[in-house]
Amino acid sequence: KSITPRRWMIQELNFHLDEYQEWGEINCTKLAENCADCLNLYIDEVDYQIPEEVFDLAVDVSEKYK
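Below: a short report on this structure.

The rules behind each value
Residues numbered from 1 in each chain as written. Predicted model: local features only at pLDDT ≥ 70, side-chain atom pairs only at ≥ 80, totals over all residues. Heavy atoms only, no water. Helix = DSSP H or I, 4+ residues; strand = E, 2+ residues; numbered from the N terminus. Expected span 1.5 Å × (residues − 1). Buried < 20%, exposed > 50% of the residue type's maximum accessible area, 1.4 Å probe, protein only. Arc of directions from axis to C-beta. Contact = heavy atoms within 4.5 Å. Axes fitted to C-alpha atoms, helices over the stretch in contact; angles between N-to-C directions. Parallel < 35°, antiparallel > 145°, perpendicular 65-115°, else oblique. Left-handed = near helix turned anticlockwise from the far one by under 90°. Nonpolar A, V, L, I, M, F, W, Y, C, P; charged D, E, K, R; others polar.

### Let's talk about helix 3 (residues 52–65)
Stage number 1. Look at helix 3: 20 Å from first C-alpha to last across 14 residues, which is about the 20 Å you get at 1.5 Å a residue.
Stage number 2. Within helix 3, the full set of buried residues consists of Val-54, Leu-57, Ala-58, Val-61 and Ser-62. Looking straight down helix 3, one finds its buried side chains confined to an arc of 130°; they lie on one side. In helix 3, the exposed positions angled more than 90 degrees off the buried face are occupied by Glu-52, Glu-53, Glu-63 and Lys-64.
Stage number 3. The elements touched by buried residues of helix 3 are helix 1 (5–20), strand 2 (25–26) and helix 2 (28–39).

See the structure below:
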């Protein structure tokens, strides 16, 4: 069973929160980029463009994580 991007982000913050903390905030861009990299969520394999939904999800997860 594959892991959902939301679940990946939550687990990533649970185990590596210190890597994402910057000035007391979670770096959502870094979280989205690492998630896209791990789960291969790119729109294309040439520019490695990440869907906007992945960034939106990172913001949502970080807000609920606090």
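### A short note on the packing of helix 1 against helix 2
Stage number 1. Here helix 1 crosses helix 2 at 125°, and the two axes come no closer than 10 Å. Between helix 1 and helix 2, the angle is such that the two are oblique. Between helix 1 and helix 2 the crossing geometry is right-handed. Each of Pro-5, Trp-8, Met-9, Glu-12, Leu-13, Glu-19 and Tyr-20 in helix 1 lies in contact with helix 2, whose residues at this interface are Lys-30, Leu-31, Ala-32, Asn-34, Cys-35, Cys-38 and Leu-39.
Stage number 2. Grouping the amino acids of the contact of helix 1 with helix 2 by side-chain chemistry returns ten nonpolar, one polar and three charged.

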